[in-house]
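If you want the building blocks of each chain, they are given just below.
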Amino acid sequence: MSMKNILVTGGAGYIGSIICNYFIKKKLKVYIIDNLSRGHKNLINSKSTFFKLDINHKKEIRKIILKYKIDTIVHMAALMRVDESIKYPQRYEANNVKGTASLIDAAKETLVKRIIFSSSCSVYGRLNKSKISENDKTLPLSPYGNSKLKGEKILKKLCKKFKINTVILRYFNVVGAQIKNKPFLGQINKTEQLFQNIYLFLSKYKKKLFIYGTKLKTKDGTCIRDFIHVMDLAEIHYLSAKYACKKNISEVFNCGYGKGYSIKEVVKAFEKISNKKINAKGAPPKKGDIVKSICNNKKILKKLRWKPKYDDLNLMVGDTIKWFDYIY
């Protein structure tokens, strides 16, 4: 089963735009659906075909799938803030859950043979393990995590029914940018993401920097995260799509390096790269936050034969600084 025409939902966003660019470099035809509520037109590759469209507009999406003979869908359109999901859980249900069901319904009985789904490590919740594997329990703590888990279940059920191969990618903490070669692409929206907050504080766009949780049961009292560079994540999507060209595939992969860095370690890395002192203030842990989250990535290394290229904290921090220097 060959792969030629790719539909990317949410392709005007931070991660989506970089994935689209990666597929285009591989000489594939890329079609993008994004309602631009969180995406940005200036992140869209000019070699792609763009449709301003909401994920729940099933009839219009089906027309695009049929007209352009879409064979692969990379589904990334989603709301993705834990704090926001706690305030507005209905929005996350409508967009992340119902939107996924609507997309699959639009793709049934067409040339679509595979769907790559953007999920999250938040589906695991709080597990008392050194490293989390794909077979571990899923007990999400937030409406965001719950919406992603529901999306996964819908995807597995409907894709099995309609004989569409699936790969579910559970992202750990995505950072970095496409900054080595043009087009330069990266994060624009202010999402309270750690790397962005540290940069904004260093550049005096943010008056205070808080570390949420300083007396936790970790090596230095702060949360521990498994970060992954967005460029490595883009390659994972391409390898997943190729892998899904095989028959009868239904897989779940953790997307991370299997390395844990504490918040204080990240702050120190920013101090080292920027040569500036950071005076962060301690604060209580956020509701729905997870203390420690590190993935077991043996499965993705073996099955996709993926070899990380950007798995160095200083590189991730350096690329983040270069990107934000570029846009600010």
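Residues numbered from 1 in each chain as written. Predicted model: local features only at pLDDT ≥ 70, side-chain atom pairs only at ≥ 80, totals over all residues. Heavy atoms only, no water.

Trainee: What's the story with the side chain of asparagine 96 in this structure? I'm lost.
Mentor: Take asparagine 96: it is sitting in helix H4 (residues 89-107). Judged by relative accessible area, which is 3%, asparagine 96 ranks as buried. Looking at asparagine 96, its side chain comes within polar contact range of the main-chain oxygen of leucine 79, at 2.9 Å. A distance of 3.0 Å separates a polar atom in the side chain of asparagine 96 from a polar atom in the side chain of asparagine 95. (Helix = DSSP H or I, 4+ residues; strand = E, 2+ residues; numbered from the N terminus. Buried < 20%, exposed > 50% of the residue type's maximum accessible area, 1.4 Å probe, protein only. Polar contact = N/O pair within 3.5 Å; in protein donor to acceptor, adjacent residues only side chain to side chain.)

Trainee: I tried to follow the packing of helix H1 (residues 14-25) against helix H7 (residues 230-243) on my own but got confused; where do I start?
Mentor: Working note: a packed helix pair is described by the angle between its axes plus the distance between those axes. H7 packs onto H1 with a crossing angle of 55° between their chain directions and a minimal axis gap of 9 Å. Here H7 runs oblique to H1, going by the angle between their axes. Seen along the crossing, H1 lies across H7 with a hand that is right-handed. Here H1 contributes Tyr14, Ile15, Ile18, Ile19, Tyr22 and Phe23 to the contact with H7, which in turn contributes Val230, Met231, Leu233, Ala234, Glu235, His237, Tyr238 and Ala241. Each residue belonging to the contact of H1 with H7 can be placed in one class, and the counts come to twelve nonpolar, one polar and one charged. (Axes fitted to C-alpha atoms, helices over the stretch in contact; angles between N-to-C directions. Parallel < 35°, antiparallel > 145°, perpendicular 65-115°, else oblique. Left-handed = near helix turned anticlockwise from the far one by under 90°. Contact = heavy atoms within 4.5 Å. Nonpolar A, V, L, I, M, F, W, Y, C, P; charged D, E, K, R; others polar.)

Trainee: Which parts of the structure should I look at to understand the state of the cysteines?
Mentor: Joining two cysteines, a disulfide is a covalent bond between their sulfur atoms. Going through the model one piece at a time under the given rule, you end up with zero disulfides. Free of any disulfide, cysteine 159 has its nearest neighbouring cysteine sulfur in cysteine 245, separated by 15 Å. With no disulfide of its own, cysteine 295 lies closest to cysteine 255 among cysteine sulfurs, the gap being 7.9 Å. Overall, the relative accessible area of 0% leaves cysteine 295 in the buried class. (Disulfide = S-S within 2.5 Å.)

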